Amino acid sequence: MVQYLTKDLKKHELAGWTTVKEAGLEVRAAAAALRSRIGETTFYHVDKKRRESWQAVKETQKLATDGAMFANAEIVDLRVYAPFDWPGISIRGLKQNVAQAAIREAKARRCKGRKATNANIDQIKADLRMFCGHVPTTTQIWRGLRSKDLSRQAKNFLWKAVHGAHKIGNYFRKMPSPWKEMAECPTCGTTETMEHVLLDCPDSRQDLIWSL
Ligand SMILES: [Zn+2]
């Protein structure tokens, strides 16, 4: 992280931050915020042993960790630092592979994702806010779904569930009969959503499953 802001700053700035893995926007914001300071910024490396005995550093680190976990990191407002911000990519000396990566990233950003996926991600965030009191970022949710603590089957199931890709409910809605009728739960008559199957429908014997 420190190298992004010191030794390699120029390189990443010229490449429009596309060379910073995963956290391009955050590093760009950090660079702009640091540049907005009147004084010169100096970085000190504090090794683990010294950190343990240095209370102020320990507390700062805890605050930073909490901030990264609990803040909604997707809302990085660069307008505050507009005069110190350096967006975009430098054409001068632009290498082909950097340009290609940048175009790919811009395209991915423009492609807003599936409507059902976005709705599910919003729902996950809203539920976590209600039950756990904090909201992970979209990246954190996707990373959590790929956790090595989950079996391959569980990962697959969750991935499909978030994308609304299971063949239930609305999947059948636009088909002709007799498939069309399969969109609805035969017992309850409501649209068969994953939420209905897992939480509401008596057919799936969840009284038994959730009590296990
Ligand atoms: Zn039902």
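Note that the structure is a prediction, hence the values are computed from the model and not measured.

Draft legend 1. Just the overall build of the protein, in detail. Per the secondary structure count, the protein includes 12 helices and zero strands. The linear arrangement of helices and strands in the protein, starting from the amino end, is α-α-α-α-α-α-α-α-α-α-α-α. By the compact-globule yardstick of 17 Å for 212 residues, the protein is too spread out, its C-alpha radius of gyration being 24 Å. With respect to the principal axes defined by its C-alpha atoms, the protein has extents near 70 × 50 × 30 Å. Buried residues in the protein amount to 19% of all 212 residues. Taking all contacts inside the protein whose residues are at least 6 apart in sequence as the whole, residues at least 24 apart take part in 46%. Accessible area for the protein stands at about 16,300 Å²; split by element, carbon and sulfur atoms hold 59% of it. Computed over 36 positive and 23 negative side-chain charges, the inter-centroid distance for the protein is 9 Å.

Draft legend 2. Summary view of the side chain of Thr117. Structurally, Thr117 is set in helix H7 (residues 115–132). On the basis of relative accessibility, which here comes to 6%, the residue Thr117 falls in the buried class. At 2.9 Å, the side chain of Thr117 and the side chain of His163 are in polar contact. If we ignore the near neighbours within four places in the chain, the residues touching Thr117 are Trp142, Val162 and His163.

Draft legend 3. Focus on the coordination of the zinc ion. Distances from the zinc ion to its protein donors, Cys185 (SG), Cys188 (SG), His196 (NE2) and Cys201 (SG), fall within 2.1 to 2.3 Å. Taken together, the four donor atoms coordinating the zinc ion and their angles of 104 to 115 degrees define a geometry best described as tetrahedral. In the primary structure, the donors to the zinc ion are separated according to the pattern C-x2-C-x7-H-x4-C. For the pair His196 and Cys201, a shared accessibility class is recorded, and that class is buried.

Draft legend 4. Up close: the nonpolar core. In this structure, Leu5, Leu9, Trp17, Val20, Val27, Ala30 and Ala31 together form the largest nonpolar core, which totals seven residues. No other element matches the three residues that helix H3 (residues 24–35) contributes to this core. Beyond its immediate chain neighbours, meaning those up to four positions away, Val20 contacts Tyr4, His12 and Val27. Counting residues in each nonpolar core, the second largest holds five residues, with Ile121, Ile141, Leu145 and Val162 among its members.

Calculation notes
Residues numbered from 1 in each chain as written. Predicted model: local features only at pLDDT ≥ 70, side-chain atom pairs only at ≥ 80, totals over all residues. Heavy atoms only, no water. Helix = DSSP H or I, 4+ residues; strand = E, 2+ residues; numbered from the N terminus. Rg over C-alpha atoms; globule rule 2.2 N^0.38 Å. Buried < 20%, exposed > 50% of the residue type's maximum accessible area, 1.4 Å probe, protein only. Contact = heavy atoms within 4.5 Å. Areas by Shrake-Rupley, 256 points an atom, 1.4 Å probe, with all protein chains shown as cover. Lys, Arg positive; Asp, Glu negative; His and termini not counted. Charge placed at Lys NZ, Arg CZ, Asp CG, Glu CD. Polar contact = N/O pair within 3.5 Å; in protein donor to acceptor, adjacent residues only side chain to side chain. Donors = N, O, S within 2.8 Å, 3.2 Å for Na, K, Ca; no water. Tetrahedral: all angles 85-135°; square planar, octahedral: opposite > 155°, others 65-115°. Core = buried A, V, L, I, M, F, W, Y, C linked by side-chain atoms within 4.5 Å.

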